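# A closer look at the structure
Residue strings, one per chain:
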Amino acid sequence: MPKALRKYREEELRILRGNGGGELKEWDRVYDYALYNDLGDPDKDEGLARPILGGSDKYPYPRRGRTGRPPSHKDPNTESRKFPKDTKFNIYVPSDERFSPLKMSDFEKKGLKASLNEFIDVVVTASVFYDNSFKSFKELEERYYVEGKYPWPQMITADKESDPTEPPTAWRKDEEFAREMIAGLNPLRIRLLQEFPPASEQHRSSITKQHIERNLEGLTVEEALRRHRLFILDHLDTMVPYLWIINNDTAGSKIYASRTLLFLKDDSTLKPVAIELIRPEGKYYKSGVVSEVYTPAEEGVKGSIWQLAKAYVAVVDTGHHQLISHWLNTHAVIEPFVIATNRQLSVVHPIYKLLHPHFRDTMAINALAREILVNAGGSVESTLYPAEYCVEITSEFYKKWNFTDQALPNDLKKRGIADGDINSVADIDRLLIKDYPYAVDGLRIWFAIKDWVRDYCKFYYQMDEMVRKDPELQAWWKELVEVGHGDLKDKPWWPKMQTLEELIECCTIIIWIASALHAAVNFGQYAYGGYVPNRPTQSRKFMPEKGTPEYDELENNPEKAFFEIITPKLQCDAVMFVLETLSEHYSEDVYLGQRDPEWTTDAKPVEAYKAFNERLAGIEAEIISMNKDEKWKNRVGPVNVPYTLLFRTGAAGLSGSGIPNSISI
């Protein structure tokens, strides 16, 4: 920094860093760190007390922005939550991070805070006395779509256009169930099966060769493994310790851990060949588990049982998507980067200029989430199966979070989806699932971002020594690792920020998380989850057993039996409202490759950014072409929903496409 500016920079730093104390007010510009000690509300109700996340080995967590609110009366370690029940959002964020008046007005017009408070009050007070299950698909449709309260979700639109009088059926197909693991809301969990039967730290599978070989198209299990044709959606190890707690301590939840085995067909589509559901045998942890294996069936009660088995998997996967893939792995992990960047990098620093567009509105939307979504008794706890354990579970997953694994090529290799390293777009052919829309589109976006970041960083840092000797850059990375993600600071995988390649890789990961990764897991929520039978958030009974009244009902009235198990009406009301809100693009959204034309006067970075824009436009054209090519069956699927979540551009509303620069909703 020029010597003449240092005095002003020091004064700005004093303002931005604050003094570490006192309650911060809306006009402050202070960026500071705090633990997640503001989710619980013991002053309101002892049942709303929650563990403090961050600062301990038991509950590690990324840091959030500090607000400095006084402690609660009943727990001095928990921040107080005295908010008025109005339409405004009350949690402090630095004034530079607040929503614009237009965006704030959009939220207030939608009545987000007031509506959620109303939904939650109704759920708490009425669900005990209210007949809270749908009786049929027709009843669900009439409640939400027929009179225009909500638009028809994309995944059932084609069915309803074909025959408006009948319930949609495409979503029930096994091919669609499997397709959504690679082109739906949570395309980050499926992995290659490496051994049979599947085994883990917690449990060795009960799935046998006899269960699956009839669906392997003439292959033996050994041949299918050798040819990389078996995959698994595994929701077991992290779930098992919580099964006892959730099933015994939360009102109405009856949850399974699950394993789903899938076979890769010659046309690159997947089909499920077995589902294993695991539940506690007794009331206490380590008292054993009961495992049941289900295989595909279409007719009669066996077909209904198979549909229920898929629904139980969808419940757990929906929770994982919302809590881990979405909240933890995008919103929560990126906030420390926002704070450290503003505390350590001056606005004229090249890395500040590179990253700043990718932090817009993130602290504001996270503060809103802590106020009304992920807080104790908020909409997440009220609608997802872990209930009061929702955010605590995310701490378990954070223990295994790895910054370098967030790079898409590393993630795909770790899951066994890539046969070897993916170092460029040319290596996309190394994907074992050739028709994997999230991976194929994502890799093209990933390398476009990385090429842009490389061109940009090489202009300002011509050699490794320049990275090592940049005091602002080194202070930024040190604070980020040791404070922002301080609970994981001793992990060996953290880059040391000593080379240009490390700088390029780290900045690419940050931009990827804030833009494309968040777009992939967020903006399809209404398209797929807006039809709750496809992505239920809760299960309230275990699988009906032969000889019980529940089994008889499943035989005689499978629709009624299905709805008595999945998310009930009142919770569905909140789910619908939240998913529609979160899936919307706003008129102020700024998309990847767009920024203020005056952002720099340096000619080479401007040219590099123009080339980045052209690459993104080319990728979008490729996506459109592939979506129209019937060869790529997973890009549209039985529900006829083209994969557009990684389109670069979008439009306001439920467009289902567009990659905003930042996590802004």
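Refer to the structure presented above.
To continue, consider the overall build of the chain. When you go through the chain residue by residue, the secondary structure sums to 24 helices and seven strands. Since a compact globule built from 665 residues should have a radius of gyration of about 26 Å, the 25 Å found for the chain is in line with a globular shape. Within the chain, the proportion of its 665 residues that are buried is 60%. Carbon and sulfur atoms form 50% of the exposed surface of the chain, whose accessible area is close to 26600 Å². Each charge class in the chain can be summarised by its mean position, and for the 86 positive and 101 negative side chains these summaries are 3 Å apart.

Before going further, it helps to examine the pairing of strand β5 (residues 257–264). Most of β5 sits out of view: eight of its eight residues are buried. As defined by bridge partners, strand β4 (residues 230–235) adjoins β5 across six bridges and the pair is classed as antiparallel. Paired with L230 across the bridge in β5 is F263. Pairing of β5 with strand β6 (residues 270–280), which is carried by eight bridges, proceeds in the antiparallel orientation. Note that in β6 the partner of A257 across the bridge is I278. Here β5 hands over to β6 after five residues, with S268 in that stretch at a positive phi of 75 degrees.

So, about the pairing of β6. With 10 of its 11 residues buried, β6 lies for the most part within the structure. The sheet contact formed by β6 and strand β7 (residues 289–294) spans six bridges and is antiparallel. Note that in β7 the partner of E276 across the bridge is V293.

On inspection of all chains with the given rule, the structure shows 41 salt bridges. The residue K399 makes a salt bridge to E396 at a minimum N-O spacing of 2.8 Å. Under the relative-accessibility criterion, K399 is labelled partly exposed at 30%. Three or more residues are tied together by salt bridges with common partners; here these are D38, R64, R69, E79 and R370.

With that settled, consider the sheet that holds β7. Strand order across the open sheet formed by five strands is β3-β4-β5-β6-β7, with antiparallel pairing between neighbours. Across the chains shown, the open sheet's two edge strands, defined by having one partner strand only, are β3 (191–192) and β7. Each of β4, β5 and β6 touches helix α6 (residues 174–183); the most contacted strand, β6, lies at about 80 degrees to it.

Here the focus is the environment of P336. Residue position: P336 is located in helix α10 (residues 300–344). When sequence neighbours within four positions are dropped, the list of residues in contact with P336 reads Y33, P62, R63, L480, G484 and H485.

Turning our attention to the packing of aromatic side chains. A full pass over the atoms with the stated rule returns 38 aromatic pairs. With 6.0 Å between their ring centres and 65 degrees between their planes, F134 and Y144 make a pair best called edge-to-face. Note that F134 is positioned in the loop between α3 (112–126) and α4 (137–144) and Y144 in helix α4, a separation of 10 residues in sequence. Neither F134 nor Y144 differs from the other in exposure class; each is buried. Aromatic rings pair up to connect Y36, Y61, W327, F337, Y398, W401, F403, W476, W477, W493 and W494 into one cluster. Here the basic side chain of R279 rests over the ring of F542, its NZ or CZ set 5.2 Å away from the ring centre. Over the ring of Y609 we find R595, and its NZ or CZ is 5.9 Å from the ring centre.

Attention now goes to the packing of helix α16 (residues 437–460) against helix α24 (residues 603–628). Geometrically, a packed helix pair is captured by the angle between its two axes and the distance between the axes. Where α16 meets α24, the closest approach of the two axes is 9 Å, and the angle between their N-to-C directions is 175 degrees. With respect to α24, the element α16 is oriented roughly antiparallel. Together, V440, D441, R444, I445, A448, I449, D451, W452, D455, Y456, F459 and Y460 of α16 and K604, P605, A608, Y609, F612, R615, L616, I619, E622, I623 and M626 of α24 make up the contact between the two elements. Of the residues assigned to the contact of α16 with α24, the class counts are 16 nonpolar, no polar and seven charged.

Here we take up helix α12 (residues 362–372). Counting buried positions along α12 gives 11 out of 11 residues, so the element sits mostly inside the fold. Every buried residue of α12 is accounted for by T362, M363, A364, I365, N366, A367, L368, A369, R370, E371 and I372.

Right, let's talk about the environment of P42 for a bit. Here P42 shows up in the loop between β1 (33–34) and β2 (64–65). Along the backbone, P42 and S80 are 38 residues apart, and their C-alpha atoms lie at a distance of 8.6 Å. Apart from the residues lying within four places of it in its own chain, the contact partners of P42 are L48, A49, S72, K74, D75 and T78.

Our next topic: the side chain of S515. Along the polypeptide, S515 turns up in helix α19 (residues 500–522). Beyond its immediate stretch of four places on either side in the chain, S515 contacts I449, L592, I659, P660 and N661.

Another point: the packing of α10 against α19. Look at α10 against α19: their axes get within 10 Å of each other, and the N-to-C directions meet at 155 degrees. On the basis of the axis angle, α10 is roughly antiparallel to α19. Of the two possible hands of crossing, α10 and α19 adopt the one that is left-handed. Across the interface between the two elements, H321, S325, H326, N329, T330, H331, V333, I334 and F337 from α10 touch I510, I513, A514, L517, H518, V521 and N522 from α19. Grouping the amino acids of the contact of α10 with α19 by side-chain chemistry returns eight nonpolar, eight polar and no charged.

Time to look at the environment of S268. Relative to the helices and strands, S268 resides in the loop between β5 and β6. When its relative accessible area of 10% is taken as the criterion, S268 is described as buried. Placed 170 residues apart in sequence, S268 and Y438 show a C-alpha to C-alpha distance of 14 Å. Residues contacting S268, with those up to four places away along its chain left out, are I433, K434, D435 and N634.

What follows concerns unusual backbone geometry. Residues F196 and P197 are joined by a peptide bond in cis, for which omega reads -5 degrees. Tracing the backbone shows P197 in the loop between β3 and α7 (209–212). Positive phi values are uncommon outside glycine, yet S268 reaches one of about 75 degrees. The phi dihedral of N640 is positive, around 60 degrees, even though this residue is not glycine. Tracing the sequence through the fold places N640 in the segment after α24.

Our next topic: the side chain of R648. When you line up the elements, R648 lands in the segment after α24. Lacking a salt bridge, the buried R648 has E620 as its closest oppositely charged neighbour, with an N-O distance of 4.3 Å. If sequence neighbours within four positions are ignored, R648 has contacts with Y591, L592, G593, N613, L616, A617, E620, G658 and I659.

Calculation rules
Residues numbered from 1 in each chain as written. Predicted model: local features only at pLDDT ≥ 70, side-chain atom pairs only at ≥ 80, totals over all residues. Heavy atoms only, no water. Helix = DSSP H or I, 4+ residues; strand = E, 2+ residues; numbered from the N terminus. Rg over C-alpha atoms; globule rule 2.2 N^0.38 Å. Buried < 20%, exposed > 50% of the residue type's maximum accessible area, 1.4 Å probe, protein only. Areas by Shrake-Rupley, 256 points an atom, 1.4 Å probe, with all protein chains shown as cover. Lys, Arg positive; Asp, Glu negative; His and termini not counted. Charge placed at Lys NZ, Arg CZ, Asp CG, Glu CD. Pairing = 2+ DSSP bridges. Salt bridge = Lys/Arg side-chain N within 4 Å of Asp/Glu carboxyl O. Contact = heavy atoms within 4.5 Å. Axes fitted to C-alpha atoms, helices over the stretch in contact; angles between N-to-C directions. Phe/Tyr/Trp six-rings, centres within 6.5 Å; stacked < 30°, edge-to-face > 60°. Lys NZ or Arg CZ within 6 Å of the ring centre and 35° of its normal. Parallel < 35°, antiparallel > 145°, perpendicular 65-115°, else oblique. Nonpolar A, V, L, I, M, F, W, Y, C, P; charged D, E, K, R; others polar. Left-handed = near helix turned anticlockwise from the far one by under 90°.

By themselves, these observations are geometric and do not establish any function.
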